[in-house]
Amino acid sequence: MERRAQAAEALLARSSGQDALTYAIRAAELYMTAAGEATDKSDAARLRRKCRELIAHAEKLKATAQSHPAPQPDILRRASRLHGNDFPPWHGRPSDDEFALRSGTAQFRDDAAFPLSATQAENFAGWKRPTELFQLDATHEDTTDESTMMQLTDHCDLVQDITTDCSVVASLSAAAKVLVGKHAVLASIMNPYDHAKGRPKLSPSGKYVLRMNFNGCSRRVVIDDTLPASRTNRALFVIDRRNPRLLWPALLEKAYLKVRGGYDFPGSNSGTDLWVLTGWIPEQLFLQREDFDLDETWERIKAAHESHDVVLTLGTGRISTEEEQLMGLIGEHCYAVEDLALTADGARNLLIKNPWCDAPLMTGIGRFDSRGAEKKNTTWMAIEDVAQHFESMYLNWNPGLFAHRQDRHFAWDIPPKYLGGSVVQNPQFSISSATGGTVWVLVSRHFVDAELEIARNRHGTMAAVARQLGFMSILAFDNGGIRVQVSDGATYRGPYVDSPQTLARLETAPGRWYTLVVDQHEFPLSSYTFTLSIFSHAELTVRDAEERMSCFNDQLGSWGRRTAGGNPSCPTYYQNPQYELSLAKVSPLSILLSTGSSDVHVHVDLVWARGQRVSTVQVKDLVASSGEYRRGCAVAEVPELEAGNYTMVCSTFDAGQTADFAVRVASMVPVSLNPIAADGAGRLRTPLGTFRLSEGDEKSRISLHASWLTRASVSVRSVLPPGAEDGGRQASSLMVRLSVVQGHGPAQETVAVSSNGDFQDPVTAIRTPEFDIDPATAQKAGLWLVVECIGTHQTAWVIDGEVLSDSPVQAGAWEPS
């Protein structure tokens, strides 16, 4: 009962909300029952104390649930601190009074640090306010001209110079029609804002408050209006070439760069940038994938672009200097898509803009067309050429397209490497809709300082940095909403992306429960926090995925030099790690074997062997098997296992492969799992010497003696002699049996026999059960180990073996029997 209580407590540690409260109450009840069943007073007192602690914890969870809709704000509060700055959750638009300049007070100054890159620092002339930046004559009547600095138009020409934030400027360029057009998203972002005139206000105090979406919620980002001035003609912030005094894009850029750590921006992607800037749902399409559907993509983006419900940007991968010069593209760079058009001849074109102010002309790309492009760094390009020359397309979708949204915030301690082949410790959720339909699942990893440091200390390309930060994906299973242990059987398997966000678009059936699994590859940090956002047209139920079992037993092990025995066809199979598995009541059982060595194929067998070490495995001996050897992890399941003792064998396909592993046994009743000592552990080994079994030999023997009564067993194996061809094994049908006999003639008695008297293939090790060597009997009647052979063979086999005993044993010489 205590095991069941501990299992419920383990589920509590991985849960939140109502699920956590349910598990806390369940664990308390189980501990109370266990205390009533305890025979030892100290154990009973300990169990009652655990029960009281869990009851108190349940009361806290209940109180938290009443004062907060969910216990998840703790994660949101922890995620508010970045780079020494606080970004609290958004609690409503600030009043205009917050931006007033009081008599006798100086303008607002933000004390946050905004680091510059080395190149930026060389051009830096100080932090200056708009009046200093945009006017030589401070008395000019336009120094506070709001219509000039805050005008809204979707025809601005935003460009970057030496600030390495091409993704941000591309995002602002592509989103112009969304920020200032139909949806007027900027009105919900910038403060102060003149809603009557439909544009941001100039802040008298120089203070601006922006609403940005990151680390699980909308957050308050405060900046002042100082911008990095340049001592040269190189710009250090985003500018509009049509109106160099346009201020709001630079303020939006500054607020975003404050979130991401400064103007020495190590890089991002435009999907992430627009998610933070606007809260629009990011989707990344990999244009070079074989399953990329160009026609479907065009239909999706064309309709949404016309209704201003999607923002499109593009990204290149690594390309050579020669390719850059030939095509006019820049490697690892972001581009804005400012328009879409279908020509009279049916050509599907995108208007692409390079946000770099000194952008090369994209003249080397297929059917490019600069006609009708109003800006010198834009060009029309057929979607076929886009798919050929760009690596990714980023789509940011209007969340207003969905009637329902749910957010779940969670923390994840990344599993140890030896569990890397499984998903048993991954966050898992289940979803269901009464009506079914389209469901979008977005997983967003929260920004942390440690990742910024990794990116800043990069060596090599942006792709190399992305690899250092790891990859993540979403898996979906149509399995009733229960937890899964491995990724096999997923109905949806998303790409592993290096972005902090990844999206899955799912179609669900009415009333069915699905399991969602967050997966990762090579995350460098030990723990992370995330937000799971689920968008749907109909109401959706979301909860933690259900665990089928209540009892778990975890063991760590390894295949070493002496224990990596390989698969059952290997003569060293018996050396593999083995465990005695015992349960007192009938129960379903699941065994997970996992290793962090991705190149190792593993397998697990459950054998009828009463918890004793086995040397070979035959089909008739198997209770359950994980099937074919599988890379990284394997699962064996028994729908109903009778009470008793069993032997579990963990093996790799190839002998000699060394690796650490974890084995996890899940059941509905407590299961004990104990390592079985290695063959001969703690016993004396007496070699038998080798002899050649030539064709025609049927029986040979060797005498055994001891000085005093001792317990022993014999292990014999056969190998090809030096110089023999491998084909000798295939040509042989030789079978061997071992017997330990005493006495002569009719009085001869069999003391022990291998494999219950059956003949075995000598490729595998052959063993006798344990037997006693009595010195008096062995001296008087004689005691021999007999090797019997049947069948034919074309090669002389070498027989080798040893006696394992508690006391010294003497072996004679091989002789015909």
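Keep in mind it's a predicted model, so treat the numbers as computed, not measured. (Residues numbered from 1 in each chain as written. Predicted model: local features only at pLDDT ≥ 70, side-chain atom pairs only at ≥ 80, totals over all residues. Heavy atoms only, no water.)

### Regarding the overall build of the protein
Here comes step 1: A count of helices and strands for the protein gives 18 helices and 48 strands.
Here comes step 2: The buried share of the protein, taken over its 817 residues, is 54%.
Here comes step 3: As displayed, the protein has an accessible area near 36000 Å², and 49% of this comes from carbon and sulfur atoms. (Helix = DSSP H or I, 4+ residues; strand = E, 2+ residues; numbered from the N terminus. Buried < 20%, exposed > 50% of the residue type's maximum accessible area, 1.4 Å probe, protein only. Areas by Shrake-Rupley, 256 points an atom, 1.4 Å probe, with all protein chains shown as cover.)

### Describing the layout of surface pockets
Here comes step 1: Counted as a void, the second largest pocket has a volume near 1200 Å³.
Here comes step 2: Lining the second largest pocket are 38 residues, with Q612, R613, V614, S615 and R767 positioned closest to its centre.
Here comes step 3: Tallying contributions element by element places strand β40 (residues 710-719) first for the lining of the second largest pocket, with three residues.
Here comes step 4: By residue class, the composition of the lining of the second largest pocket is 14 nonpolar, 14 polar and 10 charged. (1 Å grid on protein atoms, 1.4 Å probe; cavity = no way out; pocket = protein on both sides within 12 Å on 5 of 7 lines; lining within 4 Å. Points joined across faces, edges and corners; volume = space filled by probe spheres on them. Nonpolar A, V, L, I, M, F, W, Y, C, P; charged D, E, K, R; others polar.)

### Section: the nonpolar core
Here comes step 1: Core analysis: the biggest nonpolar cluster contains 53 residues, and L179, M212 and L252 have the highest contact counts within it.
Here comes step 2: Where this core is concerned, the elements lending two or more residues are α8 (166-174), α9 (176-180), β8 (207-214), β9 (217-224), α10 (248-260), α11 (270-278) and β14 (334-342).
Here comes step 3: Take this core: its biggest share by element is eight residues, from α10.
Here comes step 4: Setting aside its immediate chain neighbours within four residues, M212 contacts C217, S218, R219, V221, L252, A255, Y256, V259, V276 and L277.
Here comes step 5: Residues L287, M381, I383 and A387 belong to the second largest nonpolar core, which totals 33 residues. (Core = buried A, V, L, I, M, F, W, Y, C linked by side-chain atoms within 4.5 Å. Contact = heavy atoms within 4.5 Å.)

### What about empty space enclosed by the protein?
Empty pockets left among the atoms are what a rolling probe the size of a water molecule brings to light.
Here comes step 1: Evaluation of the coordinates by the stated rule reveals four cavities of 30 Å³ or more.
Here comes step 2: Of the volumes computed, that of the largest cavity is approximately 60 Å³.
Here comes step 3: Together, N213, F214, N215, G216, C217, W275, R405, S444, T531 and S533 line the largest cavity.
Here comes step 4: Looking at the lining of the largest cavity, the elements with two or more residues in it are β8 and β25 (527-536).

### A word on the UniProt feature "active site" (unreviewed entry) in the protein
Here comes step 1: Per the UniProt record, "active site" (unreviewed entry) is annotated on C166, H333 and N354. In sequence the annotated residues extend across 189 residues, while in space they remain close, none of their C-alpha pairs exceeding 8.7 Å.
Here comes step 2: Structurally, C166 can be placed in helix α8.
Here comes step 3: With residues up to four places along the chain from it excluded, the contact list for C166 reads Q160, H333, C334 and P355. (UniProt positions renumbered as here; feature names shortened; annotations may be inferred.)

### Considering the pairing of strand β23 (residues 501-508)
Here comes step 1: In terms of burial, β23 is largely enclosed, as six of its eight residues are buried.
Here comes step 2: For strand β20 (residues 437-445) and β23, the ladder comprises eight bridges, and the chain directions are antiparallel. Counted as the bridge partner of W440 is R505 from β23. (Pairing = 2+ DSSP bridges.)

### What about the side chain of T531?
Here comes step 1: Tracing the backbone through its elements, the reader meets T531 in strand β25.
Here comes step 2: Overall, T531 belongs to the buried group, its relative accessible area being 3%.
Here comes step 3: A distance of 2.8 Å separates a polar atom in the side chain of T531 from a polar atom in the side chain of H446.
Here comes step 4: Once residues lying within four places of it in the same chain are set aside, the contact partners of T531 are G216, D407, R408, H409, F410, L442, V443, S444 and H446. (Polar contact = N/O pair within 3.5 Å; in protein donor to acceptor, adjacent residues only side chain to side chain.)

### So, the confidence of the model for the protein
Here comes step 1: Predicted confidence across the protein gives a mean pLDDT of 87, with 89% of residues reaching 70 or more.
Here comes step 2: Summarising per-element confidence for the protein, the mean pLDDT is lowest in helix α17 (residues 727-731) (47) and highest in β20 (98). (pLDDT = per-residue confidence, 0-100.)

### A short note on the packing of α10 against α11
Here comes step 1: Two numbers describe how α10 lies on α11: the axes approach to 11 Å, and their chain directions differ by 110°. If you check the angle between α10 and α11, you find them roughly perpendicular. Of α11, the residues touching α10 (which contributes L252, Y256 and R260) are T272, D273, V276 and L277. (Axes fitted to C-alpha atoms, helices over the stretch in contact; angles between N-to-C directions. Parallel < 35°, antiparallel > 145°, perpendicular 65-115°, else oblique.)

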